[in-house]
Amino acid sequence: RAKSQQRAGHFYFSRSMGVEIRERVRMMHALRTAFGQNQLFVVYQPQIDLATRRPMGAEALLRWQTPDGKFISPDRFIPIAEYSGLIIELGEWVMRTACRELVDLRAAGHHDFMMSINVSQVQFRHPHFLDMLRKALEDTGAPPQNIELEITESMAMEEPDMLIKMLAQIKQTGVSIAIDDFGTGFSSLSYLQRLQIDRLKIDRAFVTEITGSARGSSIAEMVIQLGRNLGLAVIAEGVEDERQAQILQSLGCPLAQGFLFARPMTATALNSWLSNDALEGAA
Ligand code: C2E
Ligand code: MG
Ligand code: MG
Ligand code: MG
């Protein structure tokens, strides 16, 4: 039976699907090689207190630069890493790299700095995820209370009971949890209330809409209100201009991240960016 299904499947297999799969397999191999050859690195995008304009933390974001200088977007290669399973190793490496960077920043005097790390649902579902997390914290000496894991809202929608249990266990390590790209899914209020989360990240799409039509700010407004009602922190992502920042602040959003304040940067650049900022603040 499996055989006939296979044959039937093969029969309907279109040429474009073949191209797509070949391209995916090619990327899979390229990504694995790139990881082995240190073509991947982590950059950090500052997160800003809207009222004081001071940096409070940063989000770790993965980058892939090929030897000919081309950048491949994580939106393209993360799904490939998930599909191939490489995300397990890759995600662990990002976790440990970001933890180490946090330790370095603290040593440089930035004691309250927070580090946000994206976690793929494939990583999250892996049976050793908790062990991996605990070990990364232990080996690097990164303080869990300064670490935040970002999971996406779509992830929060599947398998509610599994997620509720996992989040509770993660919270026991001391790290906090944010829901990324919030507003794009359809989590119900009652469900959100059952999750041990700390923060909602307003998706860039809703930040962009803020300055558009009259009703453009309604979703951002709703998320900020929701955060207030549930006692969750809120951060807006993708803030690109001053008007957006000001509207967000007037709506009661305390934190933001976006090109207006800083682009993602290397660890070295972040270190000097933070020192310059500290000097400015003191002057
Ligand atoms: P995300 O976690 O929602 O990250 C925010 C994305 O918005 C980043 O894109 C960031 O560079 C971009 N961004 C920040 N501010 C602005 C802005 O003002 N304007 C615009 N247009 N974009 C802005 P990036 O780095 O390309 O990452 C894309 C996505 O790839 C991330 O979305 C995340 O889902 C995934 N990703 C990146 N690094 C990792 C990682 O280490 N692990 C996992 N699992 N996923 C990752
Ligand atoms: Mg994120
Ligand atoms: Mg996001
Ligand atoms: Mg995203």
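Here the structure is shown first, and the text comes after it.
Note that the structure is a prediction, hence the values are computed from the model and not measured.

Structural notes on the coordination of the magnesium ion (ligand 3)
Geometry sets the ideal angles at a metal, namely 109.5 degrees for four tetrahedral donors and 90 or 180 degrees for six octahedral donors. For the magnesium ion (ligand 3), the full set of protein donor atoms is Asp180 (OD), Asp181 (OD), Glu237 (OE) and Glu237 (OE), at a range of 1.9 to 2.6 Å. Summarised as a motif, the one-chain spacing of the donors to the magnesium ion (ligand 3) is D-D-x55-E. The magnesium ion (ligand 2) is placed at 4.1 Å from the magnesium ion (ligand 3), the two being bridged by Asp180. A relative accessible area of 7% means that Asp180 is categorised as buried. Assessed through its relative accessible area of 25%, Asp181 is described here as partly exposed.

A word on the coordination of the magnesium ion (ligand 2)
For the magnesium ion (ligand 2), the protein coordination sphere consists of Glu59 (OE), Asn118 (OD1), Glu150 (OE) and Asp180 (OD), at 2.0 to 2.2 Å. Ordering the donors of the magnesium ion (ligand 2) by residue number gives the pattern E-x58-N-x31-E-x29-D.

What to know about the pairing of strand 7 (residues 199-202)
Across the two faces of strand 7 the burial is the same, with Arg199 and Lys201 and Leu200 and Ile202 all buried. Pairing analysis gives three bridges linking strand 6 (residues 176-182) to strand 7, with the strands arranged parallel. Each residue of the ladder has a partner; that of Ala178, found in strand 7, is Arg199. Bridge count between strand 7 and strand 8 (residues 233-237): four bridges; the pairing is parallel. Bridging across to strand 8, Leu200 finds its partner in Val234.

Focus on the pairing of strand 4 (residues 114-118)
Two strands pair when backbone bridges link them, and strand 2 (residues 55-65) and strand 4 are joined in this way by four bridges, in the parallel orientation. Bridge pairing in strand 4 links Glu59 to Ser116.

Digging into the pattern of salt bridges
For the structure on display, the rule yields 13 salt bridges. With its nearest N and O atoms 2.9 Å apart, the salt bridge here joins Lys135 to Asp139. Taken together, the positions of Lys135 and Asp139, both in helix 6 (residues 129-140) and four residues apart, correspond to about one turn of that helix.

Rules and cut-offs
Residues numbered from 1 in each chain as written. Chains lettered and ligands numbered in written order. Predicted model: local features only at pLDDT ≥ 70, side-chain atom pairs only at ≥ 80, totals over all residues. Heavy atoms only, no water. Donors = N, O, S within 2.8 Å, 3.2 Å for Na, K, Ca; no water. Buried < 20%, exposed > 50% of the residue type's maximum accessible area, 1.4 Å probe, protein only. Helix = DSSP H or I, 4+ residues; strand = E, 2+ residues; numbered from the N terminus. Pairing = 2+ DSSP bridges. Salt bridge = Lys/Arg side-chain N within 4 Å of Asp/Glu carboxyl O.

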